[in-house]
Amino acid sequence: MRKLTCIVCPNGCSIHVNQDVDPWNIVGNLCPRGIDFARKELTNPTRTVCSTVRTSFATVRRLPVRTRGEVPLASVRSVMSEISRLVVDREARTGDTLIENVAGTGVAVVATADLADLIEWEDCDGRPICSGD
Amino acid sequence: MIVRNVDIAVLGAGPAGMAAALAAARGGADTVLIERENHLGGILKQCVHDGFGLLRFGEMLSGPEYAGRFVHMVREAGLAVLTSTFVAEARRDGDESVLMLVDRGGVTELHAKAVVLATGCRERSARQVMIQGTRPAGVMTAGAAQYYVNVLGYLPTTRCVILGSGDIGLIMARRLTLEGAEVLGVFEAKPTPSGLSRNIAQCLDDFGIQLHLSRTVTRIFGDDRVEAVETAAVDEKMRPVAGTEERLSCDGVILSVGLIPENEVAEALGVPMDSVTRGPLMDQNGQTQVPGIFVCGNASHVNDLVDYVTESGERAGAAAAALVAGHRTRRLLPLIADSTVLLYAVPQFVDMDAPESGAVVYFRSREELGVTVVQVTAGEETVTCHRYQHLRPPEMERLEIDLSRIPSDVTSLNIGTESVAVAEVKS
């Protein structure tokens, strides 16, 4: 009997899986997504990776990003190390692909904010800030 | 000094304020959205993790994505937005509220027929949890650590402990680990975790980070910088147990020990507060005891889902627009929570004269409970009841009530658990 916490939604159901029978006996989930989660978690667990990347814009130190879909839990570290090497040099928009196939997972890394919205055009005294210097 | 008149001023452009301003404008009111930061979005800007918007959009969005959708709506609606603008002073003048706004251009005296407070909440700090020791650098709230990492791109610790098991602390345990810091453990003085169970699974278990319940940080060592902490087990009265002390070398202590609604402006306007929620006493549309002053989102009580924050903002904005349009009568019934089983329930009042016949009640249980039936009653009448598989204090629950089911002669409503059902489950 394996005990899992479903991470699909904030309910966080406690799911019990009996793997000694075929098909597995899965109980404790409030919705069908819990069954899918439990099966996947015990065969090929996957996660969405959210992080930030550097930019070449002087006033935007980090642009938030995430994987468009889930990647294998075991590849989270290599996904992170590829993300941490990226520098965005254009005004990427939410949903724009920044890495096509991160760490060989077949999953893309996308921007989760509009970079243009993060640019500080003026300093606190109202003087324009030149970007890129 | 410039003097300006508006129908509705919304304070704070996080998820609650953006939703309130959009709803107020949709209701036909001349609305201005006021934000002290440079950009809209509030704290969501730094919440780069996903899990937002499942109820609202049926998708798992990151914080910036969730905020971005509302920023686009605010732009498309052509709302009047004042950023980098502070409320320096707030007072009442008859039925109006007067806000002294300060921005780079100077001071504006804003007269508003209605005000929606969407000022969010603040993190409880080290001083408020009474940790002994010196005051070295490296002690920070989880939200501050989140700002350092996600906005500034700066790793504020290489080896840390997390005190408190609130959701932001759990999220930061994962975030700091992914960025290469070593998280030695999460220490929670209470016997149960404060954060959502899915965050314990995906933020701690995934990375082998230990959650130590009934254990706390008792001392912080270090002069200029944190060098170590002492942790100890605590008894049921939260007193450290002698002989259980352990010293851990680290350069950071991240605090995730609770959030407190931010209501300085509400207090300046004379709004009566609830000592349990730390937010104003309000009706189902967020209208406080002071007519024309509304509150929504985390300023009214601390929510765990942004979807509910948005929902409360929309209700407050729409009700503020209705008030400006002339709907001013109120008939308030107190909603009394059974404090033996519920930590709190909001709203504290139900306005029977509100234009909409539905009202939403949010509540948290005091302790972890198994199968429980929660009901709202009006005298002998059951207004609504709902059965829950489990209730946990970290998980806020939501109930809808239909005002037309409330008898006209009752003077108060009650919310509590149905004792019969509880007895059945126990037996």
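Residues numbered from 1 in each chain as written. Chains lettered and ligands numbered in written order. Predicted model: local features only at pLDDT ≥ 70, side-chain atom pairs only at ≥ 80, totals over all residues. Heavy atoms only, no water.

Chemist: Can you tell me about the overall build of chain B, naming the residues and giving the values?
Modeler: When helices and strands are tallied, chain B shows nine helices and 28 strands. In terms of overall size, chain B behaves like a compact globule, its C-alpha atoms giving a radius of gyration of 23 Å where 427 residues would be expected to give roughly 22 Å. Its C-alpha atoms give chain B principal-axis dimensions of about 65 × 65 × 40 Å. Counting the 427 residues in chain B, one finds 56% classified as buried. For chain B, the proportion of contacts with a sequence separation of at least 24, taken over those separated by at least 6, is 61%. Carbon and sulfur atoms make up 49% of the accessible area of chain B, which amounts to about 17,700 Å² in all. Across chain B, the 38 positively charged side chains and the 54 negatively charged ones have centroids separated by 3 Å. (Helix = DSSP H or I, 4+ residues; strand = E, 2+ residues; numbered from the N terminus. Rg over C-alpha atoms; globule rule 2.2 N^0.38 Å. Buried < 20%, exposed > 50% of the residue type's maximum accessible area, 1.4 Å probe, protein only. Contact = heavy atoms within 4.5 Å. Areas by Shrake-Rupley, 256 points an atom, 1.4 Å probe, with all protein chains shown as cover. Lys, Arg positive; Asp, Glu negative; His and termini not counted. Charge placed at Lys NZ, Arg CZ, Asp CG, Glu CD.)

Chemist: Residues and numbers for the interface of chain B and chain A, please.
Modeler: At the interface, 35 residues of chain B touch 38 residues of chain A. Both sides of the chain B and chain A interface together cover about 2,800 Å² of buried area, and 51% of this is carbon and sulfur. Inspection of the region where chain B meets chain A yields three salt bridges. Between B:Asp206 and A:Arg47 there is a salt bridge, and its shortest N-O distance comes to 2.5 Å. Applying the counting rule to chain B against chain A returns 14 residue pairs in polar contact (both at pLDDT 80 or more). Mapped onto the side of chain B that touches chain A, the elements with two or more residues apiece are β4 (61–62), α3 (63–76), α4 (142–150), α5 (167–178) and α6 (197–204) of chain B. Considering only residue class, the side of chain B that touches chain A consists of 13 nonpolar, twelve polar and ten charged. (Buried area = accessible area lost by both parts, 1.4 Å probe. Salt bridge = Lys/Arg side-chain N within 4 Å of Asp/Glu carboxyl O. Polar contact = N/O pair within 3.5 Å; in protein donor to acceptor, adjacent residues only side chain to side chain. Nonpolar A, V, L, I, M, F, W, Y, C, P; charged D, E, K, R; others polar.)

Chemist: Tell me about the pattern of salt bridges, residues and numbers included.
Modeler: All names here are of chain B. One pass over the full model with this rule turns up 23 salt bridges over all chains. In this structure, glutamate 179 engages arginine 175 in a salt bridge whose closest nitrogen and oxygen atoms are separated by 3.0 Å. Glutamate 179 gets classed as partly exposed once you look at its relative accessible area, which sits at 27%. Of the charged contacts, one joins aspartate 235 and arginine 239 as a salt bridge, the two residues approaching to 3.1 Å between their closest N and O atoms. The exposure class of arginine 239 is partly exposed, given its relative accessible area of 47%. One network of salt bridges, with partners in common, ties together Glu311, Arg315, Arg398 and Glu400.

Chemist: Can you tell me about the sheet that holds strand β3 (residues 25–27) of chain A, naming the residues and giving the values?
Modeler: Residue and element names in this part refer to chain A. With antiparallel pairing, the three strands of this open sheet are ordered in space as β1-β2-β3. Strand pairing shows two members of the sheet lacking a second neighbour, β1 (2–5) and β3, which therefore form its edges. The sheet shows a mean angle of 20° between the axes of neighbouring strands, direction not considered. Pairing geometry for strand β2 (residues 14–18) and β3, over three bridges, is antiparallel. (Pairing = 2+ DSSP bridges. Axes fitted to C-alpha atoms, helices over the stretch in contact; angles between N-to-C directions.)

Chemist: Please provide a residue-by-residue account of unusual backbone geometry, values included.
Modeler: Cis geometry is found at the peptide bond from A:Asp22 to A:Pro23, where omega equals 0°. Among the structural elements, A:Pro23 can be located in the loop between β2 and β3. Looking along the chain, the bond that leaves B:Val346 and enters B:Pro347 is cis, with omega of 5°. Among the structural elements, B:Pro347 can be located in the loop between β22 (342–346) and β23 (349–351). For B:Met238, which is not glycine, the phi torsion reads 70° and is therefore positive. Along the chain, B:Met238 falls in the loop between β16 (228–233) and β17 (246–249). Look at B:Arg278: it is not a glycine, yet its phi comes out positive at around 65°. With respect to the helices and strands, the residue B:Arg278 is situated in the loop between α7 (264–268) and β20 (293–295). Residue B:Arg278 is classed as partly exposed on the basis of its relative accessible area, which comes to 42%.

Chemist: Got a sec to walk through the packing of aromatic side chains? Specific residues and values, please.
Modeler: Residue and element names in this part refer to chain B. A complete count under the given rule lists six aromatic pairs over all chains for this structure. Taking 5.3 Å as the distance between ring centres and 35° as the angle between the ring planes, the aromatic pair formed by tyrosine 66 and phenylalanine 70 counts as tilted. Placement of both tyrosine 66 and phenylalanine 70 in helix α3 is noted, with a separation of four residues, approximately one turn of the helix. The exposure classification of tyrosine 66 matches that of phenylalanine 70, with both residues buried. Ring centres 5.7 Å apart and planes at 85° place the aromatic pair phenylalanine 363 and tyrosine 388 in the edge-to-face group. (Phe/Tyr/Trp six-rings, centres within 6.5 Å; stacked < 30°, edge-to-face > 60°.)

Chemist: Explain the environment of B:Leu55 to me, using residue names and the numbers behind them.
Modeler: All names here are of chain B. Residue position: leucine 55 is located in helix α2 (residues 54–57). With a relative accessible area of 54%, leucine 55 lands in the exposed category. C-alpha of leucine 55 to C-alpha of aspartate 307: the two residues are 252 residues apart in sequence and 6.2 Å apart in space. Leaving out residues up to four positions away in the same chain, leucine 55 has contacts with Leu305, Asp307 and Tyr308.

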